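Chain by chain, the residues:
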Amino acid sequence: MAKISKDLLSRASDHPNEKFMVMIVLTDEKAAGELPIKNYKSYMGNILSATVTGAQITELNKLESVESVEIDGEVGAL
């Protein structure tokens with residue numbers, strides 16, 4: 001399975017300056033220091049929430065310490 005969906009990676013590549021709200025899952029919470037982003041919220045150590053550019057998403061895709069990147073959004077109860 002790809003760490004970033006084809007749709008998100010394509011959109012990020014096509015719009016490198018667009019802002020995306022994402023959730024990033026790392027292999028280890030210590031890996032946050034090597035990310036190309038500095039402003040993020042940490043949840044449970046290795047799960048981060050951040051607003052990043054499309055260019056930053058393509059950079060995250062190259063890092064071995066990044067398990068996945070997904071669009072972040074509110075979840076509601078039915």
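Please read all numbers here as calculations on a predicted model, not as lab measurements.

Q: Describe in detail the pairing of strand β1 (residues 19-26), supporting the description with residues and values.
A: A one-sided burial pattern is seen for β1, the buried positions being F20, V22, I24 and L26 and the unburied ones K19, M21, M23 and V25. Pairing analysis gives seven bridges linking β1 to strand β3 (residues 47-53), with the strands arranged antiparallel. Considered in β3, the bridge of M21 is made with T51. Relative to strand β4 (residues 66-71), β1 runs antiparallel, the two sharing five bridges. For M23, the partnering residue across the bridge sits in β4 and is E70.

Q: Outline the sheet that holds strand β2 (residues 41-43), supporting the account with residue identities and numerical values.
A: Pairing between sheet strands relies on hydrogen bonds along the backbone, with the strands arranged either parallel or antiparallel. Read from one edge of the open sheet, four strands run β2-β3-β1-β4, paired in antiparallel fashion. In the strand order of this sheet, the two ends are held by β2 and β4, each with one partner. Sheet twist, expressed as the mean angle between neighbouring strand axes with direction ignored, is 30°. Across the sheet, helix α2 (residues 54-62) touches β1, β3 and β4, and the angle it forms with β3 is around 135°.

Reading guide: rules and limits
Residues numbered from 1 in each chain as written. Predicted model: local features only at pLDDT ≥ 70, side-chain atom pairs only at ≥ 80, totals over all residues. Heavy atoms only, no water. Buried < 20%, exposed > 50% of the residue type's maximum accessible area, 1.4 Å probe, protein only. Helix = DSSP H or I, 4+ residues; strand = E, 2+ residues; numbered from the N terminus. Pairing = 2+ DSSP bridges. Axes fitted to C-alpha atoms, helices over the stretch in contact; angles between N-to-C directions. Contact = heavy atoms within 4.5 Å.

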